[in-house]
Amino acid sequence: MLPAIIRLMFSISMRRLYVLFALSLIASSVFAADDYNPGIRAYCEKLLGVNAAANATDGAANGTQVRLVVVNATFGASHNDTLAKLLAANASIAKMRNAGLPSQNAMDTYMLAKQWFGGQEAIELSGGRPNYGFALQKITEINDLEQGTYQVNDDLKALAERISTADSGANLTSTKALVADAAQEFRDGRIDKAKALIIQAYDEVTNAEFQAVHSRTIGESARRTIENFLADNWKTIVNLAAAALILFFLFQKQIRKALVSARLKSLIRERAVIESMLKSLQKEYFEKKSVTELTYRVKTKKYGDIIRNINRQLPLLKEQLRRI
């Protein structure tokens, strides 16, 4: 009886070794691009009765396909639940990518979750106590990213529609710049930044429309005020204009003489001021020595030019005044 027991234990040990060997081969396919040895895989699947739950594509930038498999081994409910959520998250990422939406951040998070899951799965197979919490946390982040991505995509479309129907008189230059920035942030996967820019763009649209309406209101009010004033006082305005024309023709000589005299006096006062400034400059240069020779020459030339210009105008104005 003892030899039979020994043979039984030996048989069980060998079968365990086969099982562990087969599991290691199948698990390696999780990180491989393709099954490099279909014969060994088929043998392992036949030995363990592998049930492929899904061939989920990770969809990395190089197009590498990664397969997740469920084996008919003893796993806990936490393992199976995490695996199902991983598959669902992977499908969601593929859907986002196929829709042309940014998915790189979600893919990076998915790869972290999958790597953690693989490590904990190995611990569970070896009889340890796995903890799939980190993987579940990353799956939750992927779901949040997915929801935020679709929401921001819809918000960008709604914002474009809002701008297209905005008040035609609104200045939307700054708003369109914000929209372009939000779209770029969205394409780069910075969802929170894109959300903030979208909210700011909505505020800009509202403010631009308010300014446009306010300006139109003020312009319309001013136009109506002027129209009402002219309608109520047009007779008085016409009479005043006629009186002003009559007075101008009657007293045009006196008016012209007054204008020329005012111009003549203004030039004389200006020449007196310049001559006073020139005397002060000469005093500072010759007596106080507080002005350099270069400054003295430059200012002297400038003052002289102004005085000569005034002296040329004075005879002309005096002659014009005499003829009036």
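Residues numbered from 1 in each chain as written. Predicted model: local features only at pLDDT ≥ 70, side-chain atom pairs only at ≥ 80, totals over all residues. Heavy atoms only, no water.

Mind showing me how you'd approach the packing of aromatic side chains here?
Aromatic ring pairs: the centre-centre distance and the angle between the two ring planes describe each pair. Scanning the entire structure with this criterion turns up six aromatic pairs. Ring geometry for F117 versus Y132: centroids 5.5 Å apart, planes at 40°, classification tilted. Remark: Y132 occurs in the loop between α4 (104–125) and α5 (133–164) and F117 occurs in helix α4; sequence separation between them is 15 residues. For the pair shown, F117 and Y132 are each scored as buried. Ring centres 4.9 Å apart and planes at 80° place the aromatic pair Y285 and F286 in the edge-to-face group. Aromatic ring contacts, followed pair by pair, group Y285, F286 and Y296 into a single cluster. (Phe/Tyr/Trp six-rings, centres within 6.5 Å; stacked < 30°, edge-to-face > 60°. Helix = DSSP H or I, 4+ residues; strand = E, 2+ residues; numbered from the N terminus. Buried < 20%, exposed > 50% of the residue type's maximum accessible area, 1.4 Å probe, protein only.)

What should I look at first to understand the pattern of salt bridges in this one?
Pairs can form between side chains of opposite charge once their charged atoms are near each other. One pass over the structure, following the stated rule, counts 14 salt bridges. A salt bridge links R190 to E185; the shortest N-O distance between them is 2.4 Å. Classification of R190 as partly exposed rests on a relative accessible area of 42%. Shared partners join several salt bridges into a network, and the residues in it are E220, R223, R224 and E227. (Salt bridge = Lys/Arg side-chain N within 4 Å of Asp/Glu carboxyl O.)

What is the right way to look at the confidence of the model for the protein in this model?
In low-pLDDT segments, the atomic positions of the prediction should not be examined closely. Of the residues in the protein, 77% have a pLDDT of 70 or more, and the chain-wide mean is 79. For residues 1–72, every residue scores under 50 in pLDDT, and the model assigns this stretch 75 contacts once sequence neighbours within four places are set aside. (pLDDT = per-residue confidence, 0-100. Contact = heavy atoms within 4.5 Å.)

It is not clear to me how helix α6 (residues 173–187) should be interpreted in this structure. Could you clarify?
Spacing of three or four residues puts side chains on the same side of an α-helix, whose turn is 3.6 residues. With 15 residues, α6 should reach 21 Å at 1.5 Å per residue; the first-to-last C-alpha distance of 22 Å fits that figure. Every buried residue of α6 is accounted for by T175, L178, V179, A182, A183, E185 and F186. On an axial view of α6, the arc spanned by its buried residues comes to 160°, and they lie on one face. When the buried face of α6 is taken as reference, the exposed residues oriented beyond 90 degrees from it are T173, K176 and R187. Once α6 ends, the next one or two residues include G189, with phi positive near 85°. (Expected span 1.5 Å × (residues − 1). Arc of directions from axis to C-beta.)

What exactly am I supposed to notice about the side chain of E185 here?
As for its placement among the helices and strands, E185 is situated in helix α6. The exposure class of E185 is buried, given its relative accessible area of 16%. Sequence-distant contacts of E185, defined by excluding residues within four places in its chain, comprise R190, K193, A194 and L197.

Where do I start with the environment of G169 in this structure?
Inspection of the secondary structure assignment puts G169 in the loop between α5 and α6. The exposure class assigned to G169 is partly exposed, which follows from its relative accessible area of 46%. Along the backbone, G169 and E209 are 40 residues apart, and their C-alpha atoms lie at a distance of 7.4 Å. Leaving out residues up to four positions away in the same chain, G169 has contacts with A212 and R216.

Explain the nonpolar core to me, please; I cannot follow it from the model alone.
Nonpolar side chains in soluble globular proteins generally cluster together in the buried interior. With 21 residues, the main nonpolar core has V152, L156, L159, I163, L172, F186 and I198 as its most contacted residues. Elements with a contribution of two residues or more to this core: α5, α6 and α7 (191–250). Per-element tally for this core: the top contributor is α7, with eight residues. When sequence neighbours within four positions are dropped, the list of residues in contact with L156 reads A182, A183, F186 and I198. Membership of the second largest hydrophobic core comes to 14 residues, among which are L83, L86, A89 and F117. (Core = buried A, V, L, I, M, F, W, Y, C linked by side-chain atoms within 4.5 Å.)

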